[in-house]
Amino acid sequence: ALGDPKPPLHAALVRVGLNGAIGWAVVLPLRDAFGYDVRWAAFGLTASASGAAWIEYWLLRRWLAARIGPLPIPVKLGLIALAAAALAGALGYGSAQLATELGARSWLAALVAIPVFGAVYLGAMAAAKTPEASGFVRRILRRR
């Protein structure tokens, strides 16, 4: 917070407020008005959380730039993270589908997909030699 916790707090409050308002609208009045399936409402909740997070990121980035100067966006790192997320998402989804086909309930399939996603994403980011992921993997392996 660089000694001033108010801007991060305000950005977080904007995020929570936007996420709540958009999420409510997508799940209740918009779904009633357009009649889409509840699964699309769940997608809308995810999209509203993502959109609100991007707005919080923009607010925090703008505040930091005013305090410490321009902040370069690491495009290569962003593309690597996007590729790792796509791979992890595909494998997480596949593991959930396999668990469902083997007779697992949906909540149990989710409990399978979440660690698969996390392990694949962390592994891909560590393989790409991102310092945070590599350090985290080293710390995990050191404890064993």
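Everything below is about the structure shown above.
Bear in mind the structure is a predicted one, so any value in this text is a computation, not a measurement.

Caption draft 1: Just the layout of surface pockets, in detail. In this structure, the largest pocket encloses a volume near 160 Å³. If you go around the largest pocket, the residues you meet are Gly89, Tyr93, Ala113 and Phe117. Of all elements in the fold, only α4 (75-101) and α5 (106-127) reach the threshold of two or more residues within the lining of the largest pocket. Partitioning the lining of the largest pocket into residue classes produces three nonpolar, one polar and no charged.

Caption draft 2: Representation of the environment of serine 50. Here serine 50 shows up in helix α3 (residues 38-68). A sequence separation of 35 residues divides serine 50 from arginine 15, and the C-alpha atoms of the two residues are 9.6 Å apart.

Caption draft 3: Highlighting the environment of leucine 91. You can see leucine 91 is positioned in helix α4. A residue is classified by how much of its surface remains accessible, and leucine 91, at 41% relative accessible area, is partly exposed. Along the primary structure leucine 91 and arginine 143 are separated by 52 residues, whereas in three dimensions their C-alpha atoms are 27 Å apart. Setting aside its immediate chain neighbours within four residues, leucine 91 contacts Val116 and Val120.

Caption draft 4: Layout of the pattern of salt bridges. A complete count under the given rule lists two salt bridges for this structure. For arginine 15, the salt bridge identified is with glutamate 56, shortest N-O distance 2.7 Å. One end of the pair, arginine 15, is in helix α1 (residues 6-27); the other, glutamate 56, is in helix α3, with 41 residues separating them in the sequence.

Caption draft 5: View of α3. An ideal rise of 1.5 Å per residue puts 45 Å on 31 residues; α3 measures up with 45 Å between its terminal C-alpha atoms. Among the structural elements, α1 and α2 (29-34) are those in contact with the buried residues of α3. By the N-cap criterion, in which a side-chain oxygen at the helix start approaches the backbone nitrogen of a residue two or three places on, α3 is capped by aspartate 37, the distance to arginine 39 being 3.1 Å. Directly beyond the C-terminal end of α3, a positive phi value near 105° is found at glycine 69.

Caption draft 6: Region of the structure containing the side chain of serine 95. One can find serine 95 in helix α4. Its relative accessible area of 14% is what places serine 95 among the buried residues. A distance of 2.7 Å separates a polar side-chain atom of serine 95 from the backbone oxygen of glycine 92. The residues contacting serine 95, other than those within four sequence positions of it, are Val112, Ala113 and Val116.

Caption draft 7: Geometry of the packing of α4 against α5. Running from amino to carboxyl end, α4 crosses α5 at an angle of 150°, the nearest separation of the two axes being 8 Å. When the axis of α4 is compared with that of α5, the two are roughly antiparallel. In the crossing of α4 with α5, the sense of the turn from one axis to the other is right-handed. A class-by-class count of the residues in the contact of α4 with α5 yields 19 nonpolar, four polar and no charged.

Caption draft 8: Spatial organisation of unusual backbone geometry. Not every positive phi belongs to a glycine, and lysine 129 is a case in point at roughly 65°. With respect to the element layout, lysine 129 can be found in the loop between α5 and α6 (131-143). Lysine 129 gets classed as exposed once you look at its relative accessible area, which sits at 67%.

Thresholds applied
- Residues numbered from 1 in each chain as written.
- Predicted model: local features only at pLDDT ≥ 70, side-chain atom pairs only at ≥ 80, totals over all residues.
- Heavy atoms only, no water.
- 1 Å grid on protein atoms, 1.4 Å probe; cavity = no way out; pocket = protein on both sides within 12 Å on 5 of 7 lines; lining within 4 Å.
- Points joined across faces, edges and corners; volume = space filled by probe spheres on them.
- Helix = DSSP H or I, 4+ residues; strand = E, 2+ residues; numbered from the N terminus.
- Nonpolar A, V, L, I, M, F, W, Y, C, P; charged D, E, K, R; others polar.
- Buried < 20%, exposed > 50% of the residue type's maximum accessible area, 1.4 Å probe, protein only.
- Contact = heavy atoms within 4.5 Å.
- Salt bridge = Lys/Arg side-chain N within 4 Å of Asp/Glu carboxyl O.
- Expected span 1.5 Å × (residues − 1).
- Polar contact = N/O pair within 3.5 Å; in protein donor to acceptor, adjacent residues only side chain to side chain.
- Axes fitted to C-alpha atoms, helices over the stretch in contact; angles between N-to-C directions.
- Parallel < 35°, antiparallel > 145°, perpendicular 65-115°, else oblique.
- Left-handed = near helix turned anticlockwise from the far one by under 90°.

Coordinates in, geometry out; function isn't part of it.
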